Amino acid sequence: MSNNKPNKPQYNNNNKFGNKNNQNNKFNNFKNNNQKPVVQSKLPLVYVEGMTALDIAEVTKRPVNEIIKSLMMLGIMANQTQSIDRDTAELLAGELKIEFKLDETKDYTNFEKIEIVDDPKDLEYRPPVVTIMGHVDHGKTTLLDTIRNSRVVLSEAGGITQAIGAYSVERNGKKITFIDTPGHAAFTEMRARGAKITDIVVLVVAADDGVMPQTREAIDHAKASNCPLIVAINKIDKHNANPDRAKQELTELGLLPEEWGGTVPFVPISALRGTGVDLLLDTIQLVAEVEEYKANPNREATGYVIESKLDKANGPTATLLVKSGTLHVSDVLVVGNTWGKVRTMKNDLGKQIRSALPSDAVSISGLAEVPQAGDQFLVFKDERQARTIAEARALKAKNQSQNASKVMSLDELFNQAKAGDIPSLNLMIKADTSGSAEAMKGSLEKINVEGIKLSVIRSSVGPVTETDVLLAQASNAIIIAFNVVALSNVKDFAKTKGVDIRSYNIIYKLLEDIEAAMKGMLSPVYEDRVCGQAEVREVYKVSKLGTIAGSYVTDGVVKRGCMVDVIRDGIIIYSGKLSSLKRFKDDAKEVKAGFDCGIMIEKYNDIKVGDTFQFSVTEEVTNEE
């Protein structure tokens, strides 16, 4: 018989009851784990626009799931790659009990505004970038072709120069880059968007033709760009050439030749024969030496888009002008509101190259979307950062387009002056005659209000055009239309560009409004609002009634009792009141666009087929805050 007592049941850790000591240990461990505070990072949230939840986790040194959980506590469902806006980031910092800061220096979503200051010892000479402008048929294209062909060597004979909107020539061992723009309108639109593409402007004027309307426009656009100007007097080989007359006309427009004691270089040339073209290139290089154009080639490249398109073979392509740094194949870059990686790079001869230096123009492929002409680009080291910045910029551009800001208007001038913020006022005058234009310019420039600078940037004759609107947008100017009109398509264009067009037919009323706005006393005014437009297609003379205009309403609506302007060749020749409006033989209260009607104007019968009627109603206009 054994003396051993039966063993007590042994419970291992897998028993559902478990060991008492083990249970206590587990409880204590659980309690201790929850009682001991977890040391969390107290690094501030340094916010850069376009940051994702993952970026915030990296900056604050916290787990990304904690960031996402905190966002959920704020009622925001986000994944780790989703961009977080500034307001949300600030709320998130409060939830995490950490400091919120803005890092303006690294806000690369506004990289156009970030000024990269290079050490002077890192700067090297860069070729000048030149744009050629001038009146149509004055030889701009011929000059461009002559310069382009001058650099084609025998080894390139038979080869076709690629049209990438820019090309380089070499003179005296140094390069010059020429930008082949479609015209000064495109040049100004790019400048309006902040693109500082051109260093020097060459103005081509025909010796046999002198100053023409587009010459005047080109001068205004060149002056507004603040670029050095060189005048090329072309077609000196023609029998009726008169270079001195062209010089005199240009002198009257403020371009005084160097040989007459001025500062503007004038070079006589024949673009067709090549005469004087070498002298023109030497003059460009001389101006470039005086201006000392320099850049740092040893950093990430930055520059502008000259042209862009969707190529069937290569997808989105763009011609880029490098302004600083060196652009390499495989570089990651943000261009406007898109991004990409440089897959291929070609020069203006269509040759594949590996890199582009400052002032070089190259065609690249590899972008996600087609950018716009005038967009700025910047190279980034990190592909994810570039994609994030491009997405943030695209979102911002979308929001801005929905709330497009206007350039300065008279009402805004009044509001700023009233608030004590004294701005400058730029005006463009469009008038029916040169006498009216000069009279208004002289009168406006005599207005003297302390602290406000008034400048008439352009004064010309004729109706308001889209080119005028572009110049006004680029110069932050108000357009004054005196006895001339802006047709509905131009008004719509001005509206999209945020340009204010003010119409007047009484000069003292114009002067009163401008002076009142400058003094900050512009009160609500009554203004004629255009409600419709009609074209005269038939004219009927009725002895007892007068002239009935058989008209077709092209835009808006014509209402009985409207005021009407009679427009011929873009000039208002009469303003009066609509006395009769009929549809067939019946009186009509109104006639909408797309319908015919009969129109009579009170006390006016000199109506001709082809005249345009512009109808307006008088409404009170109040200042908008």
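Everything below is about the structure shown above.
These remarks concern the structure in this document. A quick note: this is a predicted structure, and the numbers were derived from the prediction, not measured.

The rules we used
Residues numbered from 1 in each chain as written. Predicted model: local features only at pLDDT ≥ 70, side-chain atom pairs only at ≥ 80, totals over all residues. Heavy atoms only, no water. Helix = DSSP H or I, 4+ residues; strand = E, 2+ residues; numbered from the N terminus. Buried < 20%, exposed > 50% of the residue type's maximum accessible area, 1.4 Å probe, protein only. Contact = heavy atoms within 4.5 Å. Axes fitted to C-alpha atoms, helices over the stretch in contact; angles between N-to-C directions. Parallel < 35°, antiparallel > 145°, perpendicular 65-115°, else oblique. Left-handed = near helix turned anticlockwise from the far one by under 90°. Nonpolar A, V, L, I, M, F, W, Y, C, P; charged D, E, K, R; others polar. Expected span 1.5 Å × (residues − 1). Polar contact = N/O pair within 3.5 Å; in protein donor to acceptor, adjacent residues only side chain to side chain.

## Description of the side chain of Ser460
Mapping Ser460 onto the fold places it in strand β20 (residues 454-461). Judged by relative accessible area, which is 12%, Ser460 ranks as buried. Not counting residues within four places of it along the chain, the set of residues in contact with Ser460 comprises Ile429, Lys430, Ala431 and Ala437.

## Concerning the packing of helix α13 (residues 466-475) against helix α14 (residues 488-497)
At a minimum axis separation of 9 Å, α13 and α14 run at an interaxial angle of 20°. As judged from the angle between their axes, α13 and α14 are roughly parallel. Judged by the twist between their axes, the crossing of α13 over α14 is right-handed. Along the contact surface, α13 presents Glu466, Val469, Leu470 and Gln473, while α14 presents Asn489, Val490, Phe493, Ala494 and Lys497. In terms of residue class, the contact of α13 with α14 is built from five nonpolar, two polar and two charged.

## Description of helix α9 (residues 277-291)
Under the 1.5 Å per step criterion, the end-to-end length of α9 is 21 Å for 15 residues, consistent within 8% with the ideal 21 Å. Inspection of α9 places Val277, Leu280, Leu281, Thr283, Ile284, Gln285, Val287 and Ala288 among the buried residues, and these make up the whole buried set. Taken from the residues just after α9, Glu292 is the one with a positive phi, measuring 55°.

## Overview of the side chain of Arg458
Turning to its location among the elements, Arg458 is positioned in strand β20. Using a relative accessible area of 6% as the deciding quantity, one classes Arg458 as buried. For Arg458, the side chain forms a polar contact with the side chain of Asp468, separated by 2.9 Å.

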